[in-house]
Amino acid sequence: MCRWIAYRGETIPLEHYVTSPAHSLIEQSIRALESTAATNGDGFGLGWYGAHPEPGLYREVRPAWSDENLRYLCRHIRSHLFFAHVRAATATPTTRANCHPFVCGRWMFMHNGYVGNWARVRRKVESLIPDEQYGSRVGTTDSEAVFLAILGAGADRDPIAATMRTLTTLTEIGRQHKDPLRFTSALTDGKNLYAFRYSANDSANTLYYRTAGEDLLLASEPLDNKREEWTAVPPNHMLVALAGKPMEIRPIELAVRIAAE
């Protein structure tokens, strides 16, 4: 499975968390400690917000450890909200369009997990994407399809409710054949940050967070050996960090399970 980090807080260079720590995201691309795939070398991506409403985006199909541009970019790009992701592909090709994060307008999304038996359920999942969003469907991953389905379910009005509706439908799609679903993801509109750790018929992929004042850092696994400073997001819970409000951990288990039973 993939590894990712998300940050919101004071404006800092991306290198603070992508390249510099002892167990940085680049290190995790070579040697992940809490992933089903120890190596995450099927491409990587950066997404960050700056002077424009829509995020900047850099994605590459080479492994993160072998891209000579990545360290320079992370040293010079500064942002108050950014995503970074290293990919371990499951059932789709290694192409730039399939690398995370994914962007549509002001929204950005990345994912660690999978929709089980993607070849069989792909058509059903893609049917959740309205025509207005389908033009942004440029890759073939389950992750991008789920992102656009969430946007189509009303993310502009209520991103949490839109995500819950989409997860409910995905859970129902997988019920007949007990297909696994892993959904550890991050979603943002450039101001508010949402993270979800959910699974059905499987175990949820790991997710941790750390706070320091107004700064919030999310990671698939801790970036250093100070594990006492990191808190695990419980399975079937979400982290909600609304601009100007305290961060919250909310359960999502019942919101999905009731609809799925």
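Read on for a plain summary of the structure. Please read all numbers here as calculations on a predicted model, not as lab measurements. (Residues numbered from 1 in each chain as written. Predicted model: local features only at pLDDT ≥ 70, side-chain atom pairs only at ≥ 80, totals over all residues. Heavy atoms only, no water.)

Quick look at the pattern of salt bridges now. Throughout the structure, instances matching the rule amount to 17 salt bridges. The residue arginine 182 makes a salt bridge to aspartate 202 at a minimum N-O spacing of 3.0 Å. Residue arginine 182 is located in strand β7 (residues 181–188), and its partner aspartate 202 is located in the loop between β8 (193–200) and β9 (208–212); the two are separated by 20 residues in the primary sequence. The class for arginine 182 is buried, based on a relative accessible area of 11%. Residue arginine 210 is joined to glutamate 229 by a salt bridge in which the shortest nitrogen-to-oxygen separation is 3.8 Å. With a gap of 19 residues between them, arginine 210 in strand β9 and glutamate 229 in the loop between β10 (215–219) and β11 (231–232) connect regions that are remote in the sequence. Looking at glutamate 229, the relative accessible area reads 39%, which means it is partly exposed. (Salt bridge = Lys/Arg side-chain N within 4 Å of Asp/Glu carboxyl O. Helix = DSSP H or I, 4+ residues; strand = E, 2+ residues; numbered from the N terminus. Buried < 20%, exposed > 50% of the residue type's maximum accessible area, 1.4 Å probe, protein only.)

With that settled, consider the sheet that holds β7. Backbone hydrogen bonds hold the strands of a sheet together, and the pairing may be parallel or antiparallel. Pairing is antiparallel in the open sheet, where 6 strands are placed in the order β5-β6-β7-β8-β12-β13. Of all the strands in the sheet, the pair left with one neighbour each is β5 (102–104) and β13 (248–251). The sheet shows a mean angle of 20° between the axes of neighbouring strands, taken without regard to direction. Here β7 runs beside β8; their pairing, made up of 8 bridges, is antiparallel. If you follow leucine 187 over to β8, its bridge partner there is tyrosine 194. Where helix α7 (residues 159–175) meets the sheet, it contacts β6 (107–115), β7, β8, β12 (237–241) and β13, and its direction lies at approximately 15° from that of β8. (Pairing = 2+ DSSP bridges. Axes fitted to C-alpha atoms, helices over the stretch in contact; angles between N-to-C directions. Contact = heavy atoms within 4.5 Å.)

This part covers the pairing of β13. Looking along a regular strand, one sees side chains alternate from face to face of the sheet. Pairing between β12 and β13: 4 bridges, direction antiparallel. Note that in β13 the partner of leucine 239 across the bridge is isoleucine 249. A loop of 6 residues connects β12 with β13, the two strands running antiparallel in sequence, and glycine 244 in this loop sits at a positive phi of about 80°.

Right, let's get into the layout of surface pockets. Considered as a void within the structure, the largest pocket measures approximately 260 Å³ in volume. Contributing to the lining of the largest pocket are 17 residues, with Arg8, Glu214, Leu216, Leu242 and Lys245 lying nearest its centre. Listed by contribution, the elements that provide at least two residues to the lining of the largest pocket are β1 (3–13) and β10. Across the lining of the largest pocket, the residue classes tally to 6 nonpolar, 6 polar and 5 charged. (1 Å grid on protein atoms, 1.4 Å probe; cavity = no way out; pocket = protein on both sides within 12 Å on 5 of 7 lines; lining within 4 Å. Points joined across faces, edges and corners; volume = space filled by probe spheres on them. Nonpolar A, V, L, I, M, F, W, Y, C, P; charged D, E, K, R; others polar.)

Below, the discussion takes up the environment of valine 138. Relative to the elements of secondary structure, valine 138 occurs in the loop between α5 (131–134) and α6 (142–152). C-alpha of valine 138 to C-alpha of phenylalanine 102: the two residues are 36 residues apart in sequence and 9.9 Å apart in space. Once residues within four sequence positions are removed from consideration, valine 138 is found in contact with Ala97 and Glu144.

With an omega of -5°, the peptide bond between histidine 100 and proline 101 qualifies as cis. Structurally, proline 101 is set in the loop between β4 (78–86) and β5. The backbone of asparagine 117 sits at a positive phi, close to 50°, despite the residue not being glycine. Along the chain, the position of asparagine 117 falls in the loop between β6 and α4 (118–126). The class for asparagine 117 is partly exposed, based on a relative accessible area of 44%.

Right, let's talk about the side chain of histidine 237 for a bit. Turning to its location among the elements, histidine 237 is positioned in strand β12. Residues in contact with histidine 237, not counting those within four places in the same chain, are Ala195, Phe196, Arg197, Ile249, Arg250, Pro251 and Ile252.

α6 packs onto α4 with a crossing angle of 20° between their chain directions and a minimal axis gap of 10 Å. Here α4 lies roughly parallel to α6, going by the angle between them. Like other packed secondary-structure pairs, α4 and α6 cross with a definite hand, here left-handed. Contacts between α4 and α6 pair Trp118, Val125 and Glu126 from the former with Asp142, Ala145 and Val146 from the latter. (Parallel < 35°, antiparallel > 145°, perpendicular 65-115°, else oblique. Left-handed = near helix turned anticlockwise from the far one by under 90°.)

By themselves these figures say nothing about function.
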